[in-house]
Amino acid sequence: MTFTRMGDRRPVETVVERDDGVVYAMRGAGGGPDLPHDLVHLLVETELGIADGVWGCVSDGVVWGSMRHVSGRRPPHAGERSDALKRERGAAVMHAEGVADLVERLAAGAEVLPGQVPASGIPRERLDAAAAVLREATARWAAAAPGDTWVLEWPARAATRDRGRAPRRPARASGR
């Protein structure tokens, strides 16, 4: 995935190149010095080994409504597969949304309700580690110049194989 630092609060467009060579542009919230929402998901899901969240679904063939096909030949029945995966993983994606929001609030030092950490099903120390990753990324992102890019890779195989452990951190590259 290629995330481009915007100079203002315009929607962020992330370029997603899947392993099958299909390329999409994914439009999401963020912009300016704030981490794009999709980047928050990538960092949290990677750090916590959430293989069936937003990015695991994209890796496996889901095409969200915010995605636009750019290039590459889509596999036969891609639309049907995407729809089936969305149905199968709906609860898991909603859980990943909640965990990403929780970790983002922990990273910002915002209020977290008493039952939210236990409800996540993830030990507090792992959530705190993911929050530390977000804090570091937030500082780096805010310091990046508009137009700079970060290229990150979804570690789907590691996240699936090592489901109980935190996967490797994604490879990071910044600059143009």
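Here the structure is a predicted model, which is why all the values come from computation and not from measurement. (Residues numbered from 1 in each chain as written. Predicted model: local features only at pLDDT ≥ 70, side-chain atom pairs only at ≥ 80, totals over all residues. Heavy atoms only, no water.)

A. Just the overall build of the protein chain, in detail. Counting secondary structure elements, the protein chain contains seven helices and six strands. Helices and strands in the protein chain line up, N terminus first, as β-β-β-α-α-β-α-α-α-α-β-α-β. The buried share of the protein chain, reckoned over its 176 residues, is 44%. Taking all contacts inside the protein chain whose residues are at least 6 apart in sequence as the whole, residues at least 24 apart take part in 67%. Split by element, the accessible area of the protein chain, about 9,000 Å² in all, is 53% carbon and sulfur. (Helix = DSSP H or I, 4+ residues; strand = E, 2+ residues; numbered from the N terminus. Buried < 20%, exposed > 50% of the residue type's maximum accessible area, 1.4 Å probe, protein only. Contact = heavy atoms within 4.5 Å. Areas by Shrake-Rupley, 256 points an atom, 1.4 Å probe, with all protein chains shown as cover.)

B. Region of interest: unusual backbone geometry. Notably, His77 is not glycine yet its phi reads approximately 60 degrees, a positive angle. Mapping His77 onto the fold places it in the loop between strand E4 (67-71) and helix H3 (78-88).

C. Looking closely at the pattern of salt bridges. Overall, the coordinates contain six salt bridges when judged by the stated rule. Here Glu13 makes a salt bridge to Arg68, at a shortest N to O gap of 3.1 Å. Taken as a pair, Glu13 in strand E2 (residues 12-17) and Arg68 in strand E4 lie far apart in primary sequence, 55 residues in all. The exposure class assigned to Arg68 is partly exposed, which follows from its relative accessible area of 44%. Note that Arg18 is salt-bridged to Asp20, the shortest N-O span being 2.7 Å. Overall, Asp20 belongs to the partly exposed group, its relative accessible area being 39%. (Salt bridge = Lys/Arg side-chain N within 4 Å of Asp/Glu carboxyl O.)

None of this, on its own, says anything about what the molecule does.
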